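# Structure assessment
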Amino acid sequence: MTIEGSGPEVTDREHESSPELGDQAGADAGVSPSASRITRPAGSEPSAPSPNGAPGHEAEQTPGLSISLEQLRAFYGSNEAVRGVDLEFRANEVTAIIGPSGCGKSTLIRCINRMHEEIPGAQAEGRVMLEGLDVYDPSVDVVAVRRAIGMVFQKPNPFPTMSIFDNVAAGPRLTSSRRGDLRQTVESALRSAGLWDEVADRLDEPGAGLSGGQQQRLCIARSLAVDPDVILMDEPCSALDPIATLKIEELIDQLKRRVTIVIVTHNMQQAARVADRTAFMLDGRLVEVGPTQGIFTTPKDPRTEEYVTGKFG
Amino acid sequence: MSAHGASAQPLSRFAVSPERRRRDALARTAILGATILALIPLVLIVYYLLHKGLGSWSTSFFTTDPTGDTFFKNSNIGGIKSAILGTLEIVAIASAMAIPVGICVAIWLVEYGRGSRFASIVRFAVDVLTGVPSIVFGLFIYIVLVVGTGSTYAGYKGSCALALLMLPVVIRSAEVILLLVPSGLRESALALGAPRWRVIFRVVLPTALPGMVTGVLLAVARAGGETAPLLFTAGATLKTNFDLGQFMNSLPVQIYSDVTSPTTSVEHRAWGAALALVSIILLLNVVARLASRRSRLG
């Protein structure tokens with residue numbers, strides 16, 4: 001089980017998937033020029049590392065893409081977890097999704113990069129538009145969708161058999177989108193995740209040896225290494241202590257310059273701190289969405305007000 | 001609790017009653033006793049193996065074939081070379097057949113067939129096969145490959161019988177280990193945009209490798225020690241033979257025939273052969289563990 005080495009299928013796969021998605025993107029009149037970035041070779045990414053992840057540099061990077069959900073419904077077998085949601089996630093903004101446990105917010109974001117369908121018996125209906133491209137269109141390669149829309153999970157889960165370096169390099173290697181200098185890609189991703197200074201001298205050590213907060217930033221670096229347009233975060237701080245949480249939140253603020261961020265959180269203060277816009281969900285339905293300040297101070301729906309003031313949930 | 005006030009009352013609430021102490025001591029003794037009881041046969045086996053087996057070990061023991069001349073006290077009975085080489089060959093061929101197929105079945109069951117009806121049928125069939133006595137596999141091969149082809153015993157037929165025997169063990173152990181790989185690892189690899197086959201080869205299998213090695217070794221060890229399926233598939237012979245189409249000797253069969261001999265020196269050879277069999281499996285274990293540890297770091 002070597003890390004390197006790629007069979008002939010690798011190149012086949014690349015040739016198969018990319019033009020297909022490209023055709024789809026080109027055929028759709030509503031596609032903005034940046035949506036075709038899905039098919040752009042990873043080597044053309046502007047990934048020159050900045051000395052300390054200075055915000056000024058991040059701004060040069062290609063911007064994130066917007067996502068809009070149109071009548072999205074998600075099922076586990078016959079159980080409907082998301083019941084027809086229309087919601088827009090604006091490009092280069094942080095949108096938080098809040099709501100009580102079991103309201104379907106995790107299921108909702110798992111539909112965006114089509115991870116929902118990995119669960120046996122699970123399926124989704126409706127449309128998820130990445131700019132003008134419906135990621136559920138039959139001609140769309142699910143693998144390409146996930147390269148464009150990264151995901152950070154609740155529990156930090158670096159690959160246990162891999163070193164810190166290999167964990168970050170896993171994306172480019174697993175997707176065979178490795179172009180140019182892998183070391184530079186890894187360094188750039190680690191810098192963007194604010195982890196470079198802590199691990200630069202021990203890149204060969206196992207990723208599982210880091211602290212919980214470092215592991216989660218390693219996972220963020222791992223998802224950044226494939227240069228996604230959108231990053232979905234499913235309660236990324238719920239397993240972390242307050243200091244590690246703060247670091248992740250600062251990171252989110254920097255990352256939104258280059259990607260669109262959707263974050264599911266149970267922590268309403270966190271939503272208030274990091275999100276530009278906040279959406280409140282209840283029983284699989286969207287109750288209200290708007291600028292974060294408005295949701296927390298002048299909610300339009302009484303249920304939102306009850307939730308954000310702690311009357312239930 | 002309140003530190004001041006009537007002191008006797010609160011303290012007695014926290015004291016362990018003598019009755020509880022007694023029961024605790026009793027339970028601990030019982031558990032320790034059962035452990036020691038289980039260790040007794042294990043220690044005795046190792047003791048007798050070394051005590052009786054080492055005595056018959058010599059250079060010629062490993063470099064000569066059994067002569068078959070066992071009637072006189074002073075006759076040269078020969079060594080176990082053909083048996084060692086035969087076992088290594090038969091088990092190696094059996095492993096080459098059963099391990100790749102078994103791991104593929106386990107991967108299909110866990111990564112692709114999960115929840116499907118066919119998967120539960122396969123799982124049930126594997127469970128049934130695990131419980132089938134080894135002699136039945138031998139019988140099956142005997143009927144199909146020996147009687148069925150109208151030919152005689154052969155090394156490869158023994159391998160086929162052992163492969164059938166190993167298959168369910170390999171599948172079951174590999175499946176259990178694959179299920180232990182956290183689904184979060186699969187998900188985060190898939191979420192990076194990795195195709196499923198790469199997730200399996202680069203993330204799932206490397207994570208599962210050390211555990212899989214253990215399970216596979218169990219299967220190999222079990223096959224290596226089997227006598228019944230070999231008796232009427234590979235047969236028994238004296239000469240070293242590298243032709244898998246011919247009769248082939250093996251350690252378990254050699255031990256079986258030596259133990260039933262009335263000659264003391266031949267009976268001692270059985271102990272020596274048994275010690276050799278155990279040593280081979282132990283060696284295999286150590287080597288495979290070292291190999292899997294190294295590949296994990298690479």
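The paragraphs below set out a description of the structure included in this document. (Residues numbered from 1 in each chain as written. Chains lettered and ligands numbered in written order. Predicted model: local features only at pLDDT ≥ 70, side-chain atom pairs only at ≥ 80, totals over all residues. Heavy atoms only, no water.)

Residues and elements named next belong to chain A. Two elements in contact, helix α5 (residues 164-174) and helix α6 (residues 182-192), have axes separated by 9 Å at closest approach and are oriented at 115°. Judged by the inter-axis angle, α5 sits roughly perpendicular to α6. Seen from above, α5 lies across α6 with right-handed handedness. Listed contacts from α6 to Phe165, Val168, Ala169, Pro172 and Arg173 of α5 are Leu182, Arg183, Thr185, Val186, Ala189 and Leu190. Here the contact of α5 with α6 is composed, by residue class, of 8 nonpolar, 1 polar and 2 charged. (Axes fitted to C-alpha atoms, helices over the stretch in contact; angles between N-to-C directions. Helix = DSSP H or I, 4+ residues; strand = E, 2+ residues; numbered from the N terminus. Parallel < 35°, antiparallel > 145°, perpendicular 65-115°, else oblique. Left-handed = near helix turned anticlockwise from the far one by under 90°. Contact = heavy atoms within 4.5 Å. Nonpolar A, V, L, I, M, F, W, Y, C, P; charged D, E, K, R; others polar.)

The subject of this paragraph is the sheet that holds strand β1 (residues 67-76) of chain A. All names here are of chain A. Read across the sheet, 4 strands follow the order β2-β1-β4-β5 without closing on themselves; strand pairing throughout is antiparallel. Every other strand in the sheet has two partners, leaving β2 (79-89) and β5 (133-134) as the edge strands with one partner each. Inspection of the sheet shows strand β4 (residues 122-130) paired to β5 by 2 bridges, in the antiparallel sense. Residue pairing across strands places Met129 opposite Asp134, the latter belonging to β5. Packed on one face of the sheet, helix α3 (residues 105-112) meets β1, β2 and β4 and runs near 115° to β1. (Pairing = 2+ DSSP bridges.)

Residue and element names in this part refer to chain A. Scanning the model with the defined rule gives 25 salt bridges over all chains in all. Here Arg127 and Glu70 are joined by a salt bridge, their closest N and O atoms 3.3 Å apart. Residue Arg127 is found in strand β4, and its partner Glu70 is found in strand β1; the two are separated by 57 residues along the sequence. With a closest N to O distance of 3.2 Å, Asp301 and Arg303 form a salt bridge. (Salt bridge = Lys/Arg side-chain N within 4 Å of Asp/Glu carboxyl O.)

The next point concerns the side chain of Arg146(A). Summarising the element assignment, Arg146(A) is placed in helix α4 (residues 142-148). At 3.2 Å, the side chain of Arg146(A) forms a polar contact with the backbone oxygen of Asn113(A). Those residues in contact with Arg146(A) that lie beyond four places of it in its chain are Asn113(A), Arg114(A), Met115(A), Glu117(A), Glu118(A), Leu190(B), Ala191(B), Leu192(B) and Gly193(B). (Polar contact = N/O pair within 3.5 Å; in protein donor to acceptor, adjacent residues only side chain to side chain.)

Quick look at the interface of chain B and chain A now. In many reports, interface size means the accessible area that the parts give up when they come together. Taken together, the 23 residues of chain B in the interface contact 36 residues of chain A. With both chains or domains summed, chain B and chain A bury close to 2500 Å², and 62% of this area falls on carbon and sulfur atoms. A per-residue breakdown of the area chain B buries against chain A is headed by Leu192(B), Arg198(B) and Arg202(B), which together make up 29% of the total. One can count 2 salt bridges joining chain B with chain A. Linking chain B to chain A there are 8 residue pairs in polar contact (both at pLDDT 80 or more). (Buried area = accessible area lost by both parts, 1.4 Å probe.)

Let us look at helix α8 (residues 183-191) of chain B. All names here are of chain B. Judged by how many residues are buried, α8 sits mostly within the fold: 7 of 9 residues are covered. Within α8 the residues assigned to the buried category are Leu185, Arg186, Glu187, Ser188, Ala189, Leu190 and Ala191. Just downstream of α8, Gly193 is the residue with a positive phi angle, here 95°. (Buried < 20%, exposed > 50% of the residue type's maximum accessible area, 1.4 Å probe, protein only.)

This part is about the environment of Asn157(A). Tracing the backbone shows Asn157(A) in the loop between β6 (149-152) and α5. A residue is classified by how much of its surface remains accessible, and Asn157(A), at 11% relative accessible area, is buried. Along the sequence, Asn157(A) and Leu218(A) sit 61 residues apart, while their C-alpha atoms lie 9.0 Å from each other. Those residues in contact with Asn157(A) that sit more than four places away from it in its chain are Cys219(A), Arg222(A), Gly184(B), Leu185(B) and Ser188(B). Only 3.1 Å separates the side chain of Asn157(A) from the side chain of Arg222(A), close enough to count as a polar contact. A polar atom in the side chain of Asn157(A) sits 3.4 Å from the side chain of Ser188(B).

Residue and element names in this part refer to chain A. Positive phi values are uncommon outside glycine, yet Gln71 reaches one of about 45°. In this structure, Gln71 sits in strand β1. A relative accessible area of 43% means that Gln71 is categorised as partly exposed. Phi at Asn92 takes a positive value of approximately 60°, unusual for a residue other than glycine.

Here we take up the side chain of Asp134(A). Residue and element names in this part refer to chain A. Assignment of secondary structure puts Asp134 in strand β5. The side chain of Asp134 is buried and forms no salt bridge, while Arg127, the nearest opposite charge, is found at 4.5 Å. Within the structure, the side chain of Asp134 is placed 3.4 Å from the backbone nitrogen of Val128, a separation counted as a polar contact. (Lys, Arg positive; Asp, Glu negative; His and termini not counted.)

We now examine the packing of aromatic side chains. The full count for this structure, using the stated rule, is 9 aromatic pairs over all chains. Here the aromatic rings of Tyr153(B) and Phe247(B) are separated by 5.4 Å at their centres, their planes lie at 50°, and the arrangement is tilted. A residue pair is termed long-range when its members are at least 10 positions apart, and Tyr153(B) in the loop between α6 (134-147) and α7 (155-180) and Phe247(B) in the loop between α10 (228-231) and α11 (251-259) qualify at 94 residues. Looking at Tyr153(B), the relative accessible area reads 23%, which means it is partly exposed. An aromatic cluster of at least three residues, connected via ring pairs, comprises Tyr47(B), Tyr48(B) and Trp271(B). Here the basic side chain of Arg222(A) rests over the ring of Phe159(A), its NZ or CZ set 4.3 Å away from the ring centre. The ring centre of Tyr112(B) lies 5.9 Å from the NZ or CZ of Arg196(B), which sits over that ring. (Phe/Tyr/Trp six-rings, centres within 6.5 Å; stacked < 30°, edge-to-face > 60°. Lys NZ or Arg CZ within 6 Å of the ring centre and 35° of its normal.)

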